[in-house]
Amino acid sequence: MIHVSAPPVLALRGISKRFGAVQALTDVDLEIRSGEVVALVGDNGAGKSTLVKTVSGVHPIDEGVIEWEGAPVRVNRPNDAQALGVATVYQDLALCDNLDVVANLFLGSELRKASVLDEIAMEKRARELLDTLSIRIPSVRTPVAALSGGQRQVVAIARALIGDPKIVTLDEPTAALGVEQTAQVLDLVERLRERGHGVLLISHNMADVRAVADRVAVLRLGRNNGFFDVAGTTHEEIIAAITGATDNAVTRRRARRATKEDVK
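Residues numbered from 1 in each chain as written. Predicted model: local features only at pLDDT ≥ 70, side-chain atom pairs only at ≥ 80, totals over all residues. Heavy atoms only, no water.

A.B. asks: Just to check I follow, could you spell out the pattern of salt bridges for this structure?
C.D. replies: A side chain with one charge can pair with a side chain of the opposite charge if their charged atoms come near. Under the criterion given, the structure shown has 14 salt bridges. When the shortest N-O distance is used, the salt bridge between glutamate 123 and arginine 141 registers 3.0 Å. Separated by 18 residues along the polypeptide, glutamate 123 in helix H4 (residues 119-132) and arginine 141 in the loop between H4 and helix H5 (149-160) bring together distant segments of the chain. Classification of glutamate 123 as partly exposed rests on a relative accessible area of 21%. Arginine 193 serves as the salt-bridge partner of glutamate 190, at 3.9 Å between the closest nitrogen and oxygen. With glutamate 190 and arginine 193 both in helix H6 (residues 179-194) and three residues apart, the pair spans about one turn of that helix. Residue class for arginine 193 comes out buried when judged on its relative accessible area of 17%. Among the ionic contacts, a cluster of salt bridges with common partners joins Asp100, Glu119, Glu123, Arg127 and Arg141. (Salt bridge = Lys/Arg side-chain N within 4 Å of Asp/Glu carboxyl O. Helix = DSSP H or I, 4+ residues; strand = E, 2+ residues; numbered from the N terminus. Buried < 20%, exposed > 50% of the residue type's maximum accessible area, 1.4 Å probe, protein only.)

In structure tokens:
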């Protein structure tokens, strides 16, 4: 559920980032609230990956302000973002194929009892988390290498939730997945929203975006080029913002209607 009156959990204000002579981001704004899915879209080179890496602390910003629950914060490294409550699932997933689901979920965050790995507690927590998210895995002791692409993706997302983050960033989560696997991942995105997480979804697939996103933020050449409520926006309007097109079917129809009204 989106509480518009409350300050956004994460807000980017006038974010700029330069790499040498290349200006990757210029004066970018973005807001994400609890219980909403915001899709970040744009053509290749639009700055999506750079923006995600500023949110996750990989690339410290050069200019602008990052706000967390209404207060300015510094995010200079990944640990800063994680401490705030930002979890990022990158496209490469970074899973260990030779380890089972439990080991992957707790990789780097292992539970210990008397300096020894508490396998029973981790397996119990893993089952509870997967059940809560309605994730269907043959066994939590199955090696990740034996899972399908969709199952691997949801395991990576579940791992990001171990620390109970408030914002979850998903970088192209349905890329290279089949229809059924994509549906499984999109179902999980909706469950994240139902659990109150804010979700930043980076995707090239407009069907996926329209299926689960509440709002769409368009980047073009490193700048904001439109914010849209999915429910009241056409596919053509979003595509026009992505490509920078001004002469398209939507604008022509509007122009014709305006002309007819003037004639009346």
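Additional details are given in the paragraphs that follow.
A.B. asks: Help me understand the nonpolar core, please; the structure alone is not making it clear to me.
C.D. replies: Generally speaking, soluble globular proteins have nonpolar side chains that are buried together. Counting 50 residues, the largest nonpolar core has Val41 and Val216 as its most contacted members. Among the elements that make up this core, the one with the highest residue count is H5 (six residues). In contact with valine 41, other than residues within four places in its own chain, are Lys48, Ser203, Met206, Val209, Val216, Ala217, Val218, Leu219, Ile238 and Ile242. Leu12, Ile15, Val28 and Trp68 belong to the second-largest nonpolar core, a separate cluster that totals 24 residues. (Core = buried A, V, L, I, M, F, W, Y, C linked by side-chain atoms within 4.5 Å. Contact = heavy atoms within 4.5 Å.)

A.B. asks: So what exactly am I meant to see when it comes to the sheet that holds strand E11 (residues 215-220) here?
C.D. replies: Two strands in a sheet stick together by hydrogen bonds in their backbones, pointing the same way (parallel) or opposite ways (antiparallel). The sheet built from six strands is open, its strands ordered E6-E9-E10-E3-E11-E12 with mixed pairing. The sheet is open, and its two edges are formed by strand E6 (86-89) and strand E12 (223-229), each paired on a single side. Sheet twist, expressed as the mean angle between neighbouring strand axes with direction ignored, is 20°. In the sheet, E11 pairs with E12 via five bridges, with the strands oriented antiparallel. Residue pairing in the sheet places valine 216 in a bridge with phenylalanine 228 of E12. (Pairing = 2+ DSSP bridges. Axes fitted to C-alpha atoms, helices over the stretch in contact; angles between N-to-C directions.)

A.B. asks: I'm lost on the sheet that holds strand E1 (residues 10-19) in this one. Help?
C.D. replies: Strand order in the open sheet formed by four strands is E2-E1-E4-E5, with antiparallel pairing between adjacent strands. Each end of this open sheet is capped by a strand with a single partner; those strands are strand E2 (22-32) and strand E5 (71-73). The mean angle between the axes of side-by-side strands here comes to 35°, regardless of whether they run parallel or antiparallel. Bridging between E1 and strand E4 (residues 63-68) involves five bridges; their strand directions are antiparallel. Paired with arginine 13 across the bridge in E4 is valine 65.

A.B. asks: Help me understand the packing of H5 against H6 in this model?
C.D. replies: The geometry of a pair of packed helices is captured by two quantities: the angle between their axes and the separation between those axes. Two numbers describe how H5 lies on H6: the axes approach to 8 Å, and their chain directions differ by 20°. By the angle between their directions, the pair H5 and H6 is classed as roughly parallel. Taken as a pair, H5 and H6 cross one another with a handedness that is right-handed. Together, Gly149, Gly150, Gln151, Gln153, Val154 and Ile157 of H5 and Gln181, Gln184, Val185, Leu188 and Leu192 of H6 make up the contact between the two elements. A class-by-class count of the residues in the contact of H5 with H6 yields five nonpolar, six polar and no charged. (Parallel < 35°, antiparallel > 145°, perpendicular 65-115°, else oblique. Left-handed = near helix turned anticlockwise from the far one by under 90°. Nonpolar A, V, L, I, M, F, W, Y, C, P; charged D, E, K, R; others polar.)

A.B. asks: In this structure, what is going on with unusual backbone geometry? I would like to understand it.
C.D. replies: When glycine is set aside, most residues are seen to have a negative phi, and most peptide bonds are trans. The phi torsion at serine 134 lies on the positive side, around 55°, for a residue other than glycine. Checked against the element boundaries, serine 134 lands in the loop between H4 and H5. Positive phi outside glycine occurs at aspartate 164, with the angle close to 55°. The exposure class of aspartate 164 is exposed, given its relative accessible area of 55%.

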